[in-house]
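An overview of the molecular structure
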Amino acid sequence: MIETPSLVDQYCHGVLRTELGLGTFEAHLARSEGPPAPGTTFFDTQTGFAVRRWCPPLLGLEPHCPPARYLARRRELGVLEVGRRLLRGSGITTYLVDTGLPGDLTGPGEMASTADADAHEIVRLELLAEQVADTSGTVESFLANLAESVHAAAANAVAFASVAGVRHGLAFAPEPPGPGEVRGAVGRWLAHRPVGGALTDPVLLRHLLWIAVASGRPLQLHAGLGEPRLRIDATDPVLLTDFARSTAGLGTDLVLLHGYPYHRHAAHLAGVFPHVYADLGAELVRTGARATAVLAEVLELAPFGKLLFSSGAHGLPELHVVGARLFREALARVLGTWVAEGAWSPADAMRVAGLIAAGNARRVYGLE
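The text that follows walks through the structure, step by step, so that each part is easy to find.

Here is what the cut-offs are and how they apply
Residues numbered from 1 in each chain as written. Predicted model: local features only at pLDDT ≥ 70, side-chain atom pairs only at ≥ 80, totals over all residues. Heavy atoms only, no water. Helix = DSSP H or I, 4+ residues; strand = E, 2+ residues; numbered from the N terminus. Buried < 20%, exposed > 50% of the residue type's maximum accessible area, 1.4 Å probe, protein only. Contact = heavy atoms within 4.5 Å. Areas by Shrake-Rupley, 256 points an atom, 1.4 Å probe, with all protein chains shown as cover. Lys, Arg positive; Asp, Glu negative; His and termini not counted. Charge placed at Lys NZ, Arg CZ, Asp CG, Glu CD. Pairing = 2+ DSSP bridges. Core = buried A, V, L, I, M, F, W, Y, C linked by side-chain atoms within 4.5 Å. Axes fitted to C-alpha atoms, helices over the stretch in contact; angles between N-to-C directions. Parallel < 35°, antiparallel > 145°, perpendicular 65-115°, else oblique. Nonpolar A, V, L, I, M, F, W, Y, C, P; charged D, E, K, R; others polar. Phe/Tyr/Trp six-rings, centres within 6.5 Å; stacked < 30°, edge-to-face > 60°. Salt bridge = Lys/Arg side-chain N within 4 Å of Asp/Glu carboxyl O.

What follows deals with the overall build of the protein chain. Helix and strand counts for the protein chain stand at 16 helices and eight strands. Across its three principal directions, the C-alpha atoms of the protein chain cover 60 × 50 × 40 Å. Expressed as a percentage of the 368 residues in the protein chain, the buried residues total 53%. Taking the intrachain contacts of the protein chain between residues at least 6 apart in sequence as the baseline, contacts between residues at least 24 apart amount to 76%. In the structure as shown, the protein chain presents an accessible area of about 14900 Å², 55% of it carried by carbon and sulfur atoms. Considering the protein chain, the positive charge centre built from 31 side chains and the negative charge centre built from 37 side chains are found 3 Å apart.

As structure tokens, this is what we get:
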């Protein structure tokens with residue numbers, strides 16, 4: 001039996017503090033621009049089925065119970081007790097939490113307390129820049145305050161995360177923009193930006209990436225599945241090849257988040273570049289019962305020291321559970337099969353499982 005007693009969730013978000021009805025709950029099970037097909041709900045997805053398989057027993061119900069019964073039990077226990085039971089039942093011992101999403105979400109401190117686990121913050125670059133813009137009236141003050149804010153964040157956060165791929169796409173110029181180019185872009189953005197307006201300018205997105213690279217903290221880059229409004233081919237991680245080459249040897253690791261359905265491309269880049277790592281988050285949660293096959297495809301190409309477990313969960317503590325359970329089951333099946341066939345020794349399988357589950361993340365993020 002291949003066991004992973006400790007899991008470091010190297011990329012996730014907090015959970016909602018509010019009670020959820022059917023429509024609000026199921027909206028978190030799929031990324032869609034509209035409602036589900038008539039006569040169905042978003043429980044009719046691989047993610048929805050995985051929630052019904054793994055989460056009901058943690059709330060005292062039988063696996064695969066109907067969604068209405070599950071949500072009734074959820075309301076009966078209350079949101080705090082549900083979060084406590086689910087997060088503590090996930091088997092995750094450390095959470096790295098991206099605090100850059102809006103909404104009434106728990107932060108790292110609450111996650112640690114609720115889950116009885118360790119938790120650390122990941123700072124989202126675009127939100128940091130938007131907060132600086134809200135309080136900076138000139139180009140000079142914005143650039144000075146941004147540099148100071150990134151430096152201060154690097155002192156406490158375990159990593160930076162960027163959604164440049166979601167905001168613009170990953171086909172950006174790989175080199176840092178020049179000072180004049182940056183100043184011009186900042187001036188245009190500050191002149192026309194409403195308070196709270198999102199950062200989408202490709203020059204400023206590149207500037208943020210290079211400031212983060214200079215900090216030395218690991219830089220997480222969203223790739224693959226993202227916002228439904230964005231063409232998915234714009235987030236193929238292979239588009240980051242030149243950026244990866246430009247940042248090689250600078251001392252900053254790049255972590256390609258999510259990847260799916262381009263997970264083999266992410267695995268390839270992790271194999272080519274010493275400072276590039278691939279995440280196993282959303283691809284397993286999205287594929288549910290097919291997670292074993294998807295994980296095996298990633299393991300075809302990536303060196304085993306370059307893969308990191310995550311749940312990629314947002315909003316629902318159920319997604320942390322599903323991410324952890326699917327990962328453990330898929331890894332046990334894939335590696336167990338190779339051991340049974342004589343391709344791997346049991347000792348090697350256990351060592352690799354420990355690396356992917358927690359060891360690689362502890363090394364990359366300097367966790368003790």
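There's plenty left to go through after this.
Our focus in this paragraph is the pairing of strand β4 (residues 159-162). Consecutive residues of a regular strand have side chains that alternate between opposite faces of the sheet. Of the two faces of β4, the one holding A159 and A161 and the one holding F160 and S162 are both buried throughout. Relative to β4, strand β3 (residues 118-124) runs parallel, the two sharing three bridges. Residue pairing across strands places V123 opposite F160, the latter belonging to β4. Where β4 meets strand β5 (residues 219-223), three bridges bridge the pair, whose relative direction is parallel. Counted as the bridge partner of A161 is Q220 from β5.

Our focus in this paragraph is the nonpolar core. Side chains that are nonpolar tend, in soluble globular proteins, to be buried together. Ranked by internal contacts, the top residues of the largest apolar core, which has 81 residues, are Y95, F160, L219, F243, F327 and L335. Looking at this core element by element, the count peaks at nine residues for helix α10 (residues 202-215). Among all residues touching L219, those that are not within four sequence positions of it are L125, F160, S162, L209, A212, V213, F243, T252, D253, L254 and V255. Grouped together as the second largest cluster of nonpolar side chains are 27 residues, V51, L86, A313 and L319 included.

Moving on to the sheet that holds β5. Paired through their backbone hydrogen bonds, the strands of a sheet run either parallel or antiparallel. Pairing is parallel in the open sheet, where eight strands are placed in the order β1-β2-β3-β4-β5-β6-β7-β8. Bordering the open sheet on either side are β1 (7-12) and β8 (307-308), each of which pairs with just one other strand. In this structure, strand β2 (residues 92-98) lies alongside β3, joined through five bridges in parallel fashion. Pairing of D98 across the sheet is with I122, part of β3.

With that settled, consider the packing of helix α3 (residues 67-77) against helix α4 (residues 79-89). Between α3 and α4, the least distance of the axes is 6 Å, while the angle of their chain directions is 110°. Accordingly, the angle class assigned to the pair α3 and α4 is roughly perpendicular. Two secondary-structure elements touch here, α3 through Y70, R73, R74 and L77 and α4 through E81, V82, R85 and L86. Taken together, the residues of the contact of α3 with α4 break down into four nonpolar, no polar and four charged.

Counted residue by residue, strand β6 (residues 254-258) has five buried out of five residues, so it is predominantly covered. Sheet topology places β5 next to β6; five bridges connect them, and they run parallel. When the bridges of β6 are listed, H222 appears paired with L257. Relative to strand β7 (residues 276-279), β6 is paired through three bridges, and the arrangement is parallel.

Turning next to the packing of aromatic side chains. Enumeration over the complete set of coordinates arrives at eight aromatic pairs. A centroid spacing of 6.3 Å and a plane angle of 65° characterise the contact between F25 and Y70, whose relative ring orientation is edge-to-face. You can see F25 sitting in helix α1 (residues 22-27) and its partner Y70 sitting in helix α3, a full 45 residues away along the chain. Neither residue differs from the other here; F25 and Y70 are each classed as buried. With a centroid separation of 5.8 Å and 80° between ring planes, the pair formed by F142 and W189 is classed as edge-to-face.

With that settled, consider unusual backbone geometry. P261 follows Y260 through a cis peptide bond whose omega is 5°. With respect to the element layout, P261 can be found in the loop between β6 and α12 (263-272). Look at H64: it is not a glycine, yet its phi comes out positive at around 70°. Within the secondary structure, H64 sits in the loop between α2 (46-54) and α3. Residue classification places H64 among the partly exposed residues on the basis of a relative accessible area of 47%. Here the phi dihedral of D116 falls at roughly 55°; this positive angle occurs in a residue that is not glycine. Within the fold, D116 resides in the loop between α5 (108-115) and β3.

Within the secondary structure, R124 sits in strand β3. Not counting residues within four places of it along the chain, the set of residues in contact with R124 comprises Y11, H13, D98, G100, L101, A161, V163 and H222.

This paragraph deals with the pattern of salt bridges. As enumerated under the stated definition, the model contains 18 salt bridges in all. The salt bridge involving R69 is made with E62; its shortest N-O contact spans 2.6 Å. Classification of R69 by relative accessible area gives partly exposed; the value is 42%. Between R167 and E130 there is a salt bridge whose closest N-O contact spans 3.0 Å. Here R167 is found in helix α8 (residues 164-167), whereas its partner E130 is found in helix α6 (residues 125-134), with 37 residues between them in sequence. Given a relative accessible area of 22%, R167 falls into the partly exposed group. Among the residues examined, E130 registers a relative accessible area of 9% and is labelled buried.

Don't take any of this as a statement about function, it's just geometry.
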